[in-house]
Amino acid sequence: MEHQFFTRQQNLKLYRSLVAASEAAAAKADARQEKLLKLLAEEVANEPPPRKS
């Protein structure tokens, strides 16, 4: 019985660790995407206006 409890505790620790790692990776990806969108917005803002024919 104690072994089963210990295994469950270890599984919970592992699960929480995996969730935390997943959330950290998602936050990092969001930050990277936000940075790329800002760079793209700057690039578009710096483009000369199209010429009228």
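Let me begin by describing the structure that accompanies this report. Per chain, residues are indexed from 1 in the order of the written sequence. Given that the model is predicted, a residue must reach a pLDDT of at least 70 before its local features are reported, and side-chain atom pairs must reach 80 or more before they are shown or counted; all residues, however, enter totals for whole chains, interfaces and linings. Values reported for side chains reflect all heavy atoms of the structure, with hydrogen atoms and water molecules removed beforehand.

**Here's the deal with the overall build of the protein chain**
Consideration 1: For the protein chain, the helix and strand inventory stands at one helix and zero strands.
Consideration 2: Relative to its length of 53 residues, the protein chain is extended, with a C-alpha radius of gyration of 24 Å against a globular reference of 10 Å.
Consideration 3: For the protein chain, the spread of C-alpha atoms along the principal axes amounts to about 85 × 15 × 5 Å.
Consideration 4: Within the protein chain, the proportion of its 53 residues that are buried is 0%.
Consideration 5: Entry remark: accessible area of the protein chain is about 5600 Å², with carbon and sulfur atoms responsible for 59%.
Consideration 6: The sign given to each residue is positive for Lys and Arg and negative for Asp and Glu; His and the chain ends receive no count. Every charge is mapped onto a representative atom, which is NZ of Lys, CZ of Arg, CG of Asp or CD of Glu. Averaging the coordinates of the 9 positive side-chain charges in the protein chain and doing the same for the 7 negative ones gives two points 2 Å apart. Secondary structure is summarised from DSSP: a helix means a run of H or I of at least four residues, a strand means a run of E of at least two, and numbering begins at the N terminus for each. As defined in this context, the radius of gyration uses C-alpha atoms, and a globule is described by 2.2 Å times the residue total to the power 0.38. The cut-offs for exposure are 20% and 50% of the maximum accessible area for each residue type, with area from a 1.4 Å probe on protein chains only; residues under the lower value are buried, those over the upper are exposed, and the others partly exposed. Accessibility throughout is a Shrake-Rupley quantity obtained with a 1.4 Å probe, and a residue counts as covered only by protein chains that appear here.

**Thoughts on the pattern of salt bridges**
Consideration 1: In the sections that follow, a salt bridge refers to a side-chain nitrogen of Lys or Arg positioned within 4 Å of a carboxyl oxygen of Asp or Glu. Throughout the structure, instances matching the rule amount to one salt bridge.
Consideration 2: Among the ionic pairs, Lys 38 bridges to Glu 34, the shortest N-O distance being 3.8 Å. With a gap of four residues between them, Lys 38 and Glu 34 both fall in helix α1 (residues 2-46), about one helical turn apart.
Consideration 3: Judged by relative accessible area, Glu 34 falls into the partly exposed class, the value being 47%.

**Observations regarding the environment of Ala 41**
Consideration 1: Note that Ala 41 resides in helix α1.
Consideration 2: The exposure class assigned to Ala 41 is partly exposed, which follows from its relative accessible area of 46%.
Consideration 3: A sequence separation of 27 residues divides Ala 41 from Leu 14, and the C-alpha atoms of the two residues are 40 Å apart.

**Side note on the environment of Lys 13**
Consideration 1: For Lys 13, the location among the structural elements is in helix α1.
Consideration 2: We classify Lys 13 as exposed; its relative accessible area is 54%.
Consideration 3: In this structure the C-alpha to C-alpha distance between Lys 13 and Leu 37, which are 24 residues apart in sequence, comes to 36 Å.

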